[in-house]
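Residue-level structure breakdown
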Amino acid sequence: MTLELIVITLIKTAIVVLGLLTGFAYLTLFERKVQARLQQRPGPNRVGPFGLLQPAADGLKLFFKSSSAPAGRDHFLYLLAPAISVIAALASFAIIPVSGPGDLNLFGHRIGWYVMNVNIGILWYLAVTSFGVYGIFLAGYASNSKYSMLGALRSSAQMISYEMALGLSLVPVFILAGSLRLVDIVNAQRTWWFIVPLLPAFFLYLIAGIAETNRAPFDLPEAETELVAGYHTEYSGMRFALFFMAEYINMIIVSSIATVVFLGGWWGPFGILPGPWWFLLKVVVLLYVYVWLRATLPRMRYDRLMALGWKSLLPLSLTMMMVTAVVFVAAQGKA
Amino acid sequence: MVVAFAILAAWELVTAAGVVGFRRPIYNALSLVANMLGLAVLFLILNAQFLFAAQLIVYAGAVMVLFVFIIALLNPVSDVSLGRTGNEWIYGLVFGVIFAALLGGLLVNRGLTGRQGTATPEAISAVGNVQAVGAALYTKFLFPVEVTSVLLLIAAVGAVYLAMRRIR
């Protein structure tokens, strides 16, 4: 490993972290604005033109708010939990290529459009997000509060259940692309985006992804009517903001993976826009779907949620995997 | 690389001591998670990227989450004061000696550096890490893989049977 590689990787990491934090801030505004329009309200419009400075105001407010914490907490785990959540969320973006093909040539250095292009590819995402469960679970455990504990139990059960369907719904893509590297997967979609042959897998991934990020209509962990705010009930100020940040960054990452894996990543029709813009456009469309669903659908009941995960999504994604494998092998035999 | 290994080895020792040393069950379990994280990074240093991911997804992400889950659900704070019979050290001694003998046997047989196999980093990167593991598992080691999967299936069926019987 050369010094040049280390410096380039550090700079790229800094850019990705800053980008994700800005994306998180404006995603909250985007969500509030879109949801407001769907409900025929104007939404935030007082701070700055069109309310564009609202995220900055929210951030400052949370930053200067005094942090209260429950008395019977486990202090070490109480502080560790939000850190785990945010680190797991930020680290999973490392594998996502935002543009291509080929590398960016900057001052004589060849720089890839990703932080790292590893052979295990999307397994990195699954590995890192499976660590995110600890953040949520420890938050509930360390808070020493029944609402937090129930929220955390629900949330981790939900995340473990839907992780299976999430991972399995991606397997057909690996079969078609023949690689786990995200760059290879996008390059394999030059003529046909994988959403065309694998439409059911795309929907399975989308549903599992929404459940994995604990968003409506699967936001059982923070069901306000029963659990106050779920696992982060006892957190306030910046510590609360970290959980909030992790949730929104996870939304961005699920959308980015869907873009890269099913929607052709940086490839766009007619070649009218440069790669990064296509990528951004597709991610924003998927994020809009997230907000749209939240504004439209009521929350599911908990047993229905579990039944959906284990009895519908898991068998369906297994079937999808087998059908894809059989068709792929049959088509190869003919060719 | 040696420095990285030294740091990781120290991390593994400290977290392993934590697994048996802490008095509160949740900290024991979390030490084990930290230990598995270190093990995964050791795999990464050895160029075994797929094992790194599998270690994190299966052990840290699924098995240990369930451990922590059960510990928090049963909330065994009351078990902390559980009395000790006083003769655990005998078992500790016996198994410690057996384990030390195994390690010693390994050292005598293989030496400190181990034996170089055919799967060098160059050979693996030529076909790809995941591809190399997959090809080995489903051709050369197909029979052990299938036997293990049947074993796991039996365990799963047994668990379901036990759970169903209690409901009736």
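Analysis parameters
- Residues numbered from 1 in each chain as written.
- Chains lettered and ligands numbered in written order.
- Predicted model: local features only at pLDDT ≥ 70, side-chain atom pairs only at ≥ 80, totals over all residues.
- Contact = placed C-beta atoms within 7 Å.
- Helix = DSSP H or I, 4+ residues; strand = E, 2+ residues; numbered from the N terminus.
- Nonpolar A, V, L, I, M, F, W, Y, C, P; charged D, E, K, R; others polar.
- Axes fitted to C-alpha atoms, helices over the stretch in contact; angles between N-to-C directions.
- Parallel < 35°, antiparallel > 145°, perpendicular 65-115°, else oblique.
- Left-handed = near helix turned anticlockwise from the far one by under 90°.
- Domains from an automatic or database assignment.
- Expected span 1.5 Å × (residues − 1).
- Buried ≥ 20, exposed ≤ 12 C-beta atoms within 10 Å, placed from the backbone.
- Core = buried A, V, L, I, M, F, W, Y, C linked by C-beta atoms within 7 Å.
- Bend = angle between axes of the 7 residues up to and from the residue.

Observations concerning the interface of chain A and chain B
- Of the residues lining the interface, 16 residues belong to chain A; the matching set on chain B comes to 17 residues.
- At the level of elements, helix H4 (122-143) and helix H5 (146-177) of chain A are the ones that each hand at least two residues to the side of chain A that touches chain B.
- Within the side of chain A that touches chain B, the residues separate by chemical class into 13 nonpolar, 3 polar and no charged.

Comments concerning the packing of helix H7 (residues 199-212) of chain A against helix H9 (residues 237-262) of chain A
Residue and element names in this part refer to chain A.
- Direction vectors running N to C along H7 and H9 enclose 165 degrees, while the axes themselves pass 10 Å from each other. As judged from the angle between their axes, H7 and H9 are roughly antiparallel. The hand of the H7/H9 crossing is right-handed. On the side of H7, the interface is formed by Phe202, Tyr205, Leu206, Gly209 and Glu212, while H9 contributes Val254, Ala258 and Phe262.

A few points about the domain arrangement of chain B
- Segmentation of chain B into domains returns domain 1 (1-77) and domain 2 (126-168).
- If you average the C-alpha positions of domain 1 of chain B and of domain 2 of chain B, the two centres end up 23 Å apart.

Considerations on helix H2 (residues 25-45) of chain B
- For H2 of chain B, built from 21 residues, the straight-helix expectation of 30 Å at 1.5 Å per residue is met to within 8% by its first-to-last C-alpha distance of 31 Å.
- Residues of H2 of chain B that are buried include every one of Ile26, Ala29, Leu30, Leu32, Val33, Asn35, Met36, Gly38, Leu39 and Ala40 of chain B, and no others.
- Packing partners of the buried residues in H2 of chain B comprise H4 of chain A together with helix H1 (2-21) and helix H3 (49-74) of chain B.
- In the stretch just after H2 of chain B, asparagine 47 of chain B is the one whose phi turns positive, near 70 degrees.

Notes on unusual backbone geometry
Residues and elements named next belong to chain A.
- Of note in the backbone geometry, glutamine 40 takes a positive phi value of approximately 60 degrees without being a glycine.
- Relative to the assigned elements, glutamine 40 resides in the loop between helix H1 (3-38) and helix H2 (54-64).
- The exposure class of glutamine 40 is exposed, given the 6 C-beta atoms found within 10 Å.

Here's the deal with the nonpolar core
- Trp124, Tyr205 and Ile249 of chain A together with Ala53 of chain B are the most contacted members of the largest nonpolar core, which totals 118 residues.
- Not counting the four nearest positions on each side in its chain, isoleucine 249 of chain A is found in contact with Leu20, Phe24, Ala89 and Leu90 of chain A.

Remarks on H3 of chain B
- Over its 26 residues, H3 of chain B extends 36 Å from the first C-alpha to the last, a length consistent with the 38 Å expected when each residue adds 1.5 Å.
- Most pronounced at methionine 64 of chain B, the bend in H3 of chain B amounts to some 35 degrees.

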